[in-house]
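# Commentary on secondary and tertiary structure
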Amino acid sequence: MRNIALKLMYVGTAYHGWQVQKNAVTVAETLEKCLALVVGHPVKCTGAGRTDAGVHAEVYVANFRTSSSIPCDRLPLAVNTRLPDDIVVVKATEVPEEFNAIGSCLKKEYTYRIYNSHIRNAFYVDRAWFYPKHLDEGVMQAAADRFVGTHDFAAVRSVGTETRTTVRTVHYFDISRSGALIECRVCADGFLYNMVRAMVGTCVYAAEGKFPPEAVSRILENKNRTAAGPTVPPGGLYMTNLWYDEDVL
């Protein structure tokens, strides 16, 4: 059996996240059905992360095993002709047997986009969070800086999937503005359920003056979810980069 890694991108608006579910349309299920038609047998994909309903991926990696001999350079086009327009396979790479899209991932980057203007933009519907009250990106950055490093992130985790530990290492959390669009770019060795969206909500609370940026350190130490900011809407969240030892991107 060959182990094939797929680099893909998708708009998550129409899907209930990546993970296969019994009564909802998901990215994984849609991809697996199309792959099965191409390779001629049932397919099970392992994804780089469990993106939630409405979350997008500019970069995503999944791997699957197949007995098919179809060359990797022909797989993307063959699958894309069967996929809906909002899911695209960019590249296929044969990888070692032990490669696993989530287990082999060294670190991940998510970007959260906020459309910060008094007037909404029709082209950012379900692509960025429309937030009409002005946000000071400098204050947001001061709050974001408090998340960088190795911490217990229980205060910015929603109850959901079980995990052995809530300790993670955030490598960077950068806030930038271009006109009305604010981008919150965060990289870590792994993320807890809704962690990025809660981190962004906490930075927004700081910009609103609900607590000073330095209070974020205390919020993390106290591990109190209700003390942090809200979980912001999913439509502004994108997976934007992944790191592997293998050349799959």
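Quick caveat, the model's predicted, so the values are computed rather than measured.

A few words now on unusual backbone geometry. The backbone phi angle of Asp126 is positive, close to 65 degrees, even though this residue is not glycine. Relative to the helices and strands, Asp126 resides in the loop between strand S5 (107-115) and strand S6 (129-130). Even without being a glycine, Lys223 presents a positive backbone phi close to 55 degrees. Overall, Lys223 belongs to the partly exposed group, its relative accessible area being 47%.

Time to look at the pairing of strand S9 (residues 181-188). Regular strands place side chains that alternate from one sheet face to the opposite one. Across the eight residues of S9, seven count as buried, placing the element largely inside the fold. Relative to S9, S5 is paired through eight bridges, and the arrangement is antiparallel. Counterpart to Tyr112 in the pairing with S9 is Cys184. The pairing of strand S8 (residues 167-178) with S9 spans eight bridges and is classified as antiparallel. Counterpart to Tyr172 in the pairing with S9 is Cys187. What sits between S8 and S9 in their antiparallel hairpin is a turn of two residues, with Gly179 showing a positive phi close to 65 degrees.

With 78 residues, the main nonpolar core has Trp18, Leu31, Ile114, Met140 and Phe173 as its most contacted residues. The element best represented in this core is helix H4 (residues 195-207), accounting for nine residues.

Time to look at helix H1 (residues 27-39). The terminal C-alpha atoms of H1 lie 18 Å apart, and with 13 residues this matches the ideal 18 Å at 1.5 Å per residue to within 8%. The set of residues buried in H1 consists of Val27, Ala28, Thr30, Leu31, Glu32, Cys34, Leu35, Val38 and Val39. A distance of 3.2 Å separates the backbone nitrogen of Glu29 from a side-chain oxygen at the start of H1, and that oxygen is part of Thr26. Backbone geometry just after H1 places Gly40 at a positive phi near 85 degrees.

Basis of the calculations
Residues numbered from 1 in each chain as written. Predicted model: local features only at pLDDT ≥ 70, side-chain atom pairs only at ≥ 80, totals over all residues. Heavy atoms only, no water. Helix = DSSP H or I, 4+ residues; strand = E, 2+ residues; numbered from the N terminus. Buried < 20%, exposed > 50% of the residue type's maximum accessible area, 1.4 Å probe, protein only. Pairing = 2+ DSSP bridges. Core = buried A, V, L, I, M, F, W, Y, C linked by side-chain atoms within 4.5 Å. Expected span 1.5 Å × (residues − 1). Polar contact = N/O pair within 3.5 Å; in protein donor to acceptor, adjacent residues only side chain to side chain.

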